[in-house]
Amino acid sequence: MGEVNQSGIAKFLNNIRSLKKSFLGSFLRSGKPTSDKSRAAVMFNNFFLHIQGVKTHINTLRPTYTFGFGLISLYLLIIVVISGVLLMVYYNPSVTEAYNKIKDLKYVVFGGNLLRNIHKWSGEGMIIFVLLHMARVFYTGSYKKGREFNWVIGIVLLILMFGMNLSGYMLPWDQLAYWALLIVANIINSPKEITDSLGITQYFDIGGFFKELFLGGTNPTQESLTRVYLLHIWLLPMFLFLFLGIHFWRIRKDGGLTRPDTFERKDSDIYYVNPPEKTGGIFPTYKTYGLMELARGRTPAVDKDVENTVLSWPNLLIAELAIFVLTLAGVIAYAYFVDAPFKEPANPLIPENPAKAPWYFLGLQELLSYSAFMGGVGLPGLALLGLALIPYLDREEDRVGIWFTNRQGVTVALQSFIIGTIVVIGILAFVVNFGWFRNWWPNVPQILITLINPGNIWVGFMIVYSLFVIKKTGSTRMGAIALFTMFLVSYVIFTAMGTYFRGPNWDFFWSKSQWPIH
C-alpha cells in the first residue's frame, strides 16, 4: 500500500515538474515550431492565428507595399479598447459627475492622465492610419478581382470609426464636448434647410425628428449624454467589430493581400523573409496540386499555386510583432508629452467662439458654413457613395497590386494633386475675400445657396475633371485615380482651413494672434 502511495506521489511530483512542458504542449498542440510542418500547424491550429494563412506571399512582407497601415490601425483599435475599458472604471456618464471624473483622472488618479491621453490619441491616430490604409488599397488597385465588396466594408468601418471618435469627444462634458454636441445636433437637423425652403417643415420635419431622437429633447441634457455614451461603448463598437470580422474574413477567403501578376523576387527580400526548407516541409517549393487547387470557382485564390510564398511563422508574425511594438511605443511617447484637451465645465450660457468640432470634422464644418444641408448631409453622403462605387465603376483588372498601376497613373495622380490644390485654395480665397450669395444679396432664397455653393462647385469640378481624364486616357482607372486624389486633397485642405485659419464668428485669420480680444 505504501509503495502504491509512493508511486502516486512520485507521479504527482513529476506532473508538477513537467507543468511548463505540458502547458506549452497543450497550447502548441503540434509541438515546437522547429520545422515547416510544425510551423504551418501552429498557424492552422491556433484560434488567434488561423485567420491568417499558413503561408504568406513575399510581396505582402515588403515594407513599401503596405507600410503596415492596416496593422497599425488594428493595433490602435486594440489599444483604444483596452484603455477605454480601464477608463470606464472611473467614468460616470452624468452631467453632474462626468466633468469631475475626468478632472480626477487628470489630476488625482495615478497614471490616469496618461491613460486618458493614450485612449484619446490612439483613437485619433486610427483616423489617420485608416485613411492612409484606404489610400494604399486604392492606389495599389487592391479593391479589384473579387475584393470589391470588401472595399465597401472598409467604407462602413471608416464611418463607424469616425462615429466612435466623435462620440468619445463628447463624453468629458466640458465646453469642447458640449458645443461639439450642439454642432452634431445641428448637422442632424440640417434637412430643415430643405423643408423650410419647400415650406413643408410643419408637415414633414425629418431633421427635427432625428435631432430630438439624438439629443433626447431639443437641447443637450442628461438624456443626450446617456445616448452618446451608449453609442460610444456599445452600439458603435458592436457594429465595428462585426464588420471588422467580415473584413478580415474576406481578406482570408480572397487569398490574402493582392500582389502583381508578374511578381519577381528581389535581393532585398532576404532581409525580412526566411525561405522554407527545401525538403521536409508540408509545402515544397515546387508547384503541387491538392483538392482545393483543383476546385473551380470565382474567388482569387482558386487555381493559384503557392510560389513566391514563405511560412507565416515566423516571417509574418515577426513583422506584426515589430509593428505592434513600434505602434505601442509611439502612442505612449506621444501621450506622455501631449495632453488631451480639457476645458472648463460645460456651460450653455457661455458659447465657445469659435465653436469647433474635433479636427477630423472641421473640413465638414467648413462646408457647413456654405450650406447646412449640403455640407452636413448632401456632400458627405455623395462622397461616401462615390467611394463605395469606385470598384464597380473602375473594372479594369490589369496590373493589380502595383502602386498607381503604371507611370501614367503616377502622372495623373501628380497632376490631380497640383490642379486640385490650386482649385480648392482658389475657391477658399474667393470666398474669404468676396463672400458668397448671402453677402451680395441678403434676401436671396436659401434654396439657391443650397444648390449653388462653393462645396457643390468643388464636387462638380472633381467629377468633370475625372471624366475628362477618362476621355483623355481611355482608362477608368486613371479617372478613378484623379477623383480619389482630389478627394484626399480637398479633405486635407478643408480640414486645415477649419483648424488653423478660422476664428471667432468663423472669420478668416492667418493666426490666433490676430483674433479679437474679448
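Refer to the preceding data block for the structure.
Bear in mind that the values here come from a model prediction, so they are computed numbers and not experimental data. (Residues numbered from 1 in each chain as written. Predicted model: local features only at pLDDT ≥ 70, side-chain atom pairs only at ≥ 80, totals over all residues. Heavy atoms only, no water.)

Q: Break down the overall build of the protein chain for me, citing the residues and quoting the values.
A: When you go through the protein chain residue by residue, the secondary structure sums to 22 helices and two strands. Across the 518 residues of the protein chain, 44% fall into the buried class. Here the contacts in the protein chain between residues at least 6 apart in sequence split such that 78% fall between residues at least 24 apart. Of the roughly 28400 Å² of accessible surface on the protein chain, 68% is carried by carbon and sulfur atoms. (Helix = DSSP H or I, 4+ residues; strand = E, 2+ residues; numbered from the N terminus. Buried < 20%, exposed > 50% of the residue type's maximum accessible area, 1.4 Å probe, protein only. Contact = heavy atoms within 4.5 Å. Areas by Shrake-Rupley, 256 points an atom, 1.4 Å probe, with all protein chains shown as cover.)

Q: Run through the packing of helix α21 (residues 454–473) against helix α22 (residues 476–500), naming residues and quoting values.
A: Look at α21 against α22: their axes get within 7 Å of each other, and the N-to-C directions meet at 155 degrees. One finds that α21 runs roughly antiparallel with respect to α22. In this structure, α21 crosses over α22, and the sense of that crossing is right-handed. Side by side, α21 and α22 meet where Trp458, Phe461, Met462, Ile463, Tyr465, Ser466, Val469, Ile470 and Thr473 of the first sit next to Thr476, Met478, Gly479, Ala482, Leu483, Met486, Phe487, Ser490 and Phe494 of the second. (Axes fitted to C-alpha atoms, helices over the stretch in contact; angles between N-to-C directions. Parallel < 35°, antiparallel > 145°, perpendicular 65-115°, else oblique. Left-handed = near helix turned anticlockwise from the far one by under 90°.)

Q: Tell me about the packing of helix α9 (residues 148–169) against helix α13 (residues 222–253), and name the residues and values.
A: Orientation of α9 relative to α13, taken along the N-to-C sense of each, is 160 degrees, at an axis distance of 9 Å. Relative to α13, α9 is oriented roughly antiparallel. Of the two possible hands of crossing, α9 and α13 adopt the one that is left-handed. The residues of α13 that touch α9, namely those facing Phe149, Asn150, Ile153, Gly154, Val156, Leu157, Leu160, Gly163, Met164, Ser167 and Gly168, are Val228, His232, Leu236, Pro237, Phe239, Leu240, Phe243, Leu244, Ile246, His247, Arg250 and Ile251.

Q: Explain a nonpolar patch on the surface to me, using residue names and the numbers behind them.
A: A cluster of nonpolar side chains, Val81, Val85, Met88, Leu230, Ile233, Trp234, Met238, Phe239, Phe241 and Leu242, forms an exposed patch at the surface whose accessible area comes to about 890 Å². When residues of the nonpolar patch are traced back to their parent elements, those giving at least two are α6 (69–88) and α13. Per-element tally for the nonpolar patch: the top contributor is α13, with seven residues. Mapped onto the elements of the fold, leucine 230 is located in helix α13. (Patch = residues over 30% accessible without salt bridge, like charges linked within 9 Å, V, L, I, M, F, W, Y side chains within 5 Å. Salt bridge = Lys/Arg side-chain N within 4 Å of Asp/Glu carboxyl O.)

Q: Talk me through the nonpolar core; I want residue IDs and the actual numbers.
A: Across soluble globular proteins, nonpolar side chains have a tendency to be buried as a group. Phe138, Trp151, Phe214 and Phe484 are the most contacted members of the largest nonpolar core, which totals 93 residues. In terms of residue count, helix α8 (residues 112–139) provides more of this core than any other element does, 12 residues in total. Residue contributions to this core reach at least three from each of two domains, namely domain 1 (37–352) and domain 2 (372–518). With residues up to four places along the chain from it excluded, the contact list for phenylalanine 214 reads Met170, Leu181, Val184, Ala185, Ile188, Ser224, Arg227, Val228 and Leu231. With five residues, the next largest nonpolar core counts Ile58, Phe263, Val310 and Leu316 among its residues. (Core = buried A, V, L, I, M, F, W, Y, C linked by side-chain atoms within 4.5 Å. Domains from an automatic or database assignment.)

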